[in-house]
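Inside the fold
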Number of protein chains: 2
Amino acid sequence: MADQLDRILQQWHVEKPELDVSPMAVIGRLSRAAMAVESRLAATFARHGLDAPSFDVLATLLRSGAPYRIAPVKLAREAMISTSAVAQRLNKLESRGLVKREANPGDGRGTLVALTDAGRELIETTLPDHLETEHAIIATLSVEEQANLAMFLQRITESSR
Amino acid sequence: MADQLDRILQQWHVEKPELDVSPMAVIGRLSRAAMAVESRLAATFARHGLDAPSFDVLATLLRSGAPYRIAPVKLAREAMISTSAVAQRLNKLESRGLVKREANPGDGRGTLVALTDAGRELIETTLPDHLETEHAIIATLSVEEQANLAMFLQRITESSR
DNA sequence: TATTGTTATACTCTATAACTATA
DNA sequence: TATAGTTATAGAGTATAACAATA
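Residues numbered from 1 in each chain as written. Chains lettered and ligands numbered in written order. Predicted model: local features only at pLDDT ≥ 70, side-chain atom pairs only at ≥ 80, totals over all residues. Heavy atoms only, no water.

A word on the protein's contact with DNA strand D
Counted only if it meets this: Being near a molecule or strand, for a residue, comes down to having at least one heavy atom within 4 Å of it. Counting of polar contacts relies on pairs of N or O atoms within 3.5 Å, with two restrictions inside protein: one atom must be capable of donating a hydrogen and the other of accepting it, and residues adjacent in sequence are counted only when both atoms are side-chain atoms.
As a structural note, the neighbourhood of DNA strand D is formed by 25 residues, with D51, R89 and K92 of chain A together with V73 and R101 of chain B the closest of them. At the protein interface, 64% of the atoms of DNA strand D within 4 Å belong to sugar or phosphate. In this structure, a base oxygen belonging to DNA strand D sits 2.8 Å away from a side-chain N or O atom of S84 of chain A. A distance of 2.6 Å separates a phosphate oxygen of DNA strand D from a polar atom in the side chain of K92 of chain A.

Laid out in structure tokens, this is it:
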């Protein structure tokens, strides 16, 4: 089945026959797949009143395990965003009562972000739905193909560092 | 080699052993790979004074072939963005003299976006550099692996429609 | 001096709504 | 009525800079 990338590649072959545009077949489809997936995940998040950045913070807190407390600087490193961006994500979540900021007993400069009961409840409810969405997205691939895909993506990410 | 996704999956296994988080291995790596690639492509674009949306418009015009003219509504469909977003991309490019808007002789309502000489020159110079970057990103995979990766991504995108 | 964290501010890209003009 | 295109406006998320406080 020809997709949009096939048509784009065909155009390039006609217009620039001397160029090797084969990398576009991979990178183009990577970016389109990421866009399509992002949009499906966003729909699931929205059903629970969340967006991707908020889900990311709550999920990071949950998977860190009891007592569900993390320093903002650690959240910034995990998400690869600035500490300022973290502060702004936290403002949003804290105003909804999903997290709260506490003093860090081990570091007078620091803060600990804690999951509230409401936050815990929301992420526990959202997570299975999210996993179901992710499962549906990749169900078109066999388990072996999924493993190969994950490995290829890992190698691409590593080689881009 | 354990990457960040391996550590995240391990955390989930400990905290939520009853959940099947295996889809995250694929989707998580997809989103990280897309982010890493996007950032490398952006660096190449920046070296030529461009960003991804601007490159997208100029490349679309170039691969459309002579006379390098496209209606805005077609640009919107190709890029899957609103016609308003297209108008704003065009404002930016036109103010730099890289494209110009002409009347559409076949449709009195319409406009044709034309590559200027400067725009043509810029995209012709940027394109080989861009392809080199893309080639470097996927060079870690064999040609066969690249083909498999592209196919897997295509299937994921299709199944998300 | 370096690190943690916050706010103020600005930037980028986008979509929605409102509008003009032509098919 | 529908389509093409634009601007005004607002929204989301981010980073940089400036700042306060502690290590």
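Past the structure itself, the notes keep going.
Some words on the relation of the copies chain B and chain A
Here is the rule: Overlaid copies result from least-squares superposition on C-alpha atoms, with residues included only where pLDDT is at least 70 in both. Contacts: residue pairs with any heavy atoms within 4.5 Å of one another.
When chain B is fitted to chain A, the residual RMSD is 0.1 Å, and the transformation amounts to a turn of 180° plus an axial shift of 0.0 Å. Classification of the inter-copy transformation places it as that of a two-fold axis. Of all interface residues in chain B, 100% are interface residues in chain A too; the two copies therefore contact each other through one and the same surface.

Thoughts on the interface of chain B and chain A
Heads up, the rule is: Values labelled buried area give the accessible surface lost by two parts on being combined, using a 1.4 Å probe and summing over both. Any Lys or Arg side-chain nitrogen located within 4 Å of an Asp or Glu carboxyl oxygen qualifies as a salt bridge. Secondary structure elements are defined from DSSP: runs of H or I of at least 4 residues count as helices, runs of E of at least 2 residues count as strands, and each element is numbered from the N terminus. For this classification, Asp, Glu, Lys and Arg are treated as charged, while Ala, Val, Leu, Ile, Met, Phe, Trp, Tyr, Cys and Pro are nonpolar and the rest, including Gly, are polar.
The interface of chain B with chain A comprises 60 residues on the first partner and 60 residues on the second. Between chain B and chain A lies a buried interface of about 5700 Å² when both sides are counted; carbon and sulfur atoms form 68% of it. Looking at the side of chain B facing chain A, the largest losses of area belong to I27, R63 and F152 of chain B, adding up to 12% of the total buried there. When the shortest N-O distance is used, the salt bridge between K16 of chain A and E124 of chain B registers 2.6 Å. Joining chain B to chain A, the criterion identifies 21 residue pairs in polar contact (both at pLDDT 80 or more). Per-element accounting of the side of chain B that touches chain A gives the leading share, 15 residues, to helix 2 (residues 22-47) of chain B. The class makeup of the residues in the side of chain B that touches chain A is 32 nonpolar, 13 polar and 15 charged.

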